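Architecture at a glance
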Amino acid sequence: MPAEWEKHEATWLGWPHNVTDWPGKLDTIRWVYGEMVRKISPGEKVRMLVDAKTDQRIATAYLKRAGCDLGRVEFVIHPTNRGWTRDSGPIFVRRGRGSRQETAIVHFHFNAWAKYDDWNKDRRVPNTAAKLLKKRLFDAQYAGRNFVIEGGGVEVNGRGTLLTTEECYLHPTVQVRNPGLGRKEIDETLKTYLGVTNVQWLAAGPVGDDTHGHIDDICRFVDAKTLVLIRETNRKDPNYKPLSENWERIGDLRLENGSKPEVIPLPMPAPLYFEGYRLPASYANFYISNAAVLVPTFNDPQDRVALGILGELFKDRPVVGIHAVDLVLGFGTLHCLTQQQPA
């Protein structure tokens, strides 16, 4: 699996239509999508999943008014349950060098984070992508059973190292994706299907994460040997303890060659709530496109701190903020909505 900062052919998105994801905010979310597409499309295609031709016409109208170049947008008609394309969309792998490179798709059998019962349409997205792109489709299995992970649950540096969390994939009773499988079996299967050689486990994610610990809200590679890791400094915040445990573990983390990564702290915004629920607002949920790094912002004083840190780390493309106070009502933001297709 290539690193996210490597050159993309396209970014996959799913046009938002499920009103339960963003109660009372669906129209606002569509304008946020327009801003995302406007920033991504100068550097690569945008492949947009839509339920039907009617949705394509609606999406076209929003994107046109947002100033997007529609010539860079390819609509793919495929009904979806939700729009969290990071988790249900095609996860690409690549082999070879130069003109002999080949990309393929791994099907990881999305099951709505082992939490919801409406996932059947989303699970078929990799099949549609493989057929459309004429790519090989590898069916992830362990001992003859479907093996389930989500794109937001794994983070790679493209050199052999993969990060994930115990909260997400090793919890014995909560949102269990692969019953009966432990660390050894999961490590082995990730190595088989994503071509990694080194699987490293952090502890847990922020309060309010509907996925129960996705790594893309916690710790991200910015290059092959540098990580950003979110840090909560308020000892009274419920996030302080679980995020501190990640910091305790990170000192023992090793890359595929045995070296220690450089680890840079990324702040947390002040708590955000909706109807009494804590939302998983995190600056780590950024997306690296060819043309720009898109960073969620939350009308918070820490916005500029996070943008400044990431701006120093990404020298080869601009770092831009995307307003995500409304997006995070769906329990995810920019990285959760996107899935890169490597060149």
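Above: the structure in question.
Residues numbered from 1 in each chain as written. Predicted model: local features only at pLDDT ≥ 70, side-chain atom pairs only at ≥ 80, totals over all residues. Heavy atoms only, no water.

**Topic: the overall build of the protein**
Note the following rule: Here a strand is any run of E in DSSP of at least two residues, a helix any run of H or I of at least four, and the numbering for each starts at the N terminus. Our radius of gyration is a C-alpha quantity, and the globule rule it is checked against amounts to 2.2 Å times the number of residues to the power 0.38. Relative accessibility under 20% of the residue-type maximum defines a buried residue, over 50% an exposed one, and the middle range a partly exposed one, all with a 1.4 Å probe and only protein chains included.
Per the secondary structure count, the protein includes 10 helices and 20 strands. Against the compact-globule benchmark of 20 Å for 343 residues, the protein has a radius of gyration of 19 Å, which places it among compact chains. Principal axes of the C-alpha set define a box for the protein whose edges measure 50 × 45 × 40 Å. Here the protein holds 343 residues, and the buried ones make up 57% of them.

**Observations concerning the sheet that holds strand S11 (residues 198–202)**
Strand pairs in the sheet, formed through backbone hydrogen bonds, run parallel or antiparallel to each other. How we decide: Each pair of strands is called paired provided DSSP finds at least two bridges between the two strands. Any two residues whose heavy atoms approach within 4.5 Å are treated as being in contact. In this analysis, axes come from line fits to C-alpha atoms, helices being fitted only over the stretch in contact, and the angle between any two N-to-C directions falls in the range 0 to 180 degrees.
A sheet is described by the order of its strands in space; here three strands give the open sequence S9-S10-S11, paired in mixed fashion. Unpaired on one side and paired on the other, strand S9 (155–156) and S11 mark the two borders of the sheet. Pairing analysis gives two bridges linking S9 to strand S10 (residues 161–165), with the strands arranged antiparallel. Across the sheet, the residue bridging to valine 156 is leucine 162, located in S10. Contacting S10 and S11, helix H7 (residues 183–194) runs over the sheet at an angle of about 130° to S11.

**Things to note about the layout of surface pockets**
We apply this condition: Cavities and pockets were defined on a 1 Å grid built over protein atoms only: a cavity is a set of grid points that admits a 1.4 Å probe from which the probe cannot escape, a pocket is an open set flanked by protein on both sides within 12 Å along at least five of seven lines, and lining residues are those with an atom within 4 Å of any such point. Grid points are joined across faces, edges and corners, and a volume is the space filled by probe spheres set on the points. Here the term charged refers only to Asp, Glu, Lys and Arg, the term nonpolar to Ala, Val, Leu, Ile, Met, Phe, Trp, Tyr, Cys and Pro, and the term polar to all other amino acids, Gly among them.
Its boundaries defined by the atoms lining it, the largest pocket holds a volume of some 300 Å³. Along the walls of the largest pocket sit 18 residues, with Asp21, Tyr116, Asp210, Gly330 and Phe331 positioned nearest its centre. Residue composition of the lining of the largest pocket, by class: nine nonpolar, five polar and four charged. Within this model, the second largest pocket holds a volume of roughly 250 Å³.

**Some details on the environment of arginine 47**
Cut-off, in case you're wondering: Whenever a nitrogen or oxygen atom comes within 3.5 Å of another N or O atom, the pair is scored as a polar contact, on the condition that within protein one atom can donate a hydrogen and the other can accept it, and that pairs from neighbouring residues in sequence are kept only if both atoms are in side chains.
Counting through the fold element by element, arginine 47 comes out in strand S2 (residues 45–50). A sequence separation of 77 residues divides arginine 47 from arginine 124, and the C-alpha atoms of the two residues are 16 Å apart. Of the polar contacts made by the side chain of arginine 47, one reaches the side chain of glutamate 74; its length is 3.1 Å.

**A closer look at unusual backbone geometry**
Positive phi, normally seen in glycine, also occurs at alanine 112, with a value near 60°. Phi is positive for alanine 143, which is not a glycine, with a value near 50°. Looking at where alanine 143 falls in the secondary structure, it is placed in the loop between strand S7 (141–142) and strand S8 (145–146).

**With respect to the sheet that holds strand S6 (residues 137–139)**
Spatially, S4-S5-S6 is the arrangement adopted by the three strands of the open sheet, whose pairing is mixed. Of all the strands in the sheet, the pair left with one neighbour each is strand S4 (91–95) and S6. Ignoring strand direction, the axes of neighbouring strands in this sheet form an average angle of 35°. Bridging between strand S5 (residues 102–107) and S6 involves three bridges; their strand directions are parallel. Looking at S6, one finds that isoleucine 105 is bridged to leucine 137. Strands S4, S5 and S6 of the sheet are contacted by helix H5 (residues 125–133), whose axis makes an angle of about 160° with S5. Across the sheet, H7 touches S4, S5 and S6, and the angle it forms with S4 is around 65°.

**So, the packing of aromatic side chains**
Centre-to-centre distance and the angle between the planes together describe a pair of aromatic rings. This is how it is decided: Any pair of Phe, Tyr and Trp rings, taking the six-membered ring for Trp, is counted once the centres come within 6.5 Å. Such a pair is stacked with planes under 30 degrees apart, edge-to-face with planes over 60 apart, and tilted for the rest. Sitting over a ring, as applied to charges here, requires NZ of Lys or CZ of Arg to be within 6 Å of the ring centre and within 35 degrees of the ring normal.
One pass over the full model with this rule turns up nine aromatic pairs. Look at tryptophan 22 and tryptophan 84: their rings are 5.3 Å apart centre to centre, the planes differ by 40°, and that puts the pair in the tilted class. Taken together, the residues tryptophan 22 in the loop between strand S1 (8–14) and helix H1 (26–40) and tryptophan 84 in the loop between strand S3 (73–77) and helix H3 (85–88) connect sequence positions 62 residues apart. Since its relative accessible area comes to 5%, tryptophan 84 is described here as buried. By the ring-pair criterion, three or more aromatic residues cluster together here, those being Trp15, Trp31, Tyr33 and Tyr62. The ring of tryptophan 247 carries the charged tip of arginine 231 above its face, separated from the ring centre by 3.9 Å.

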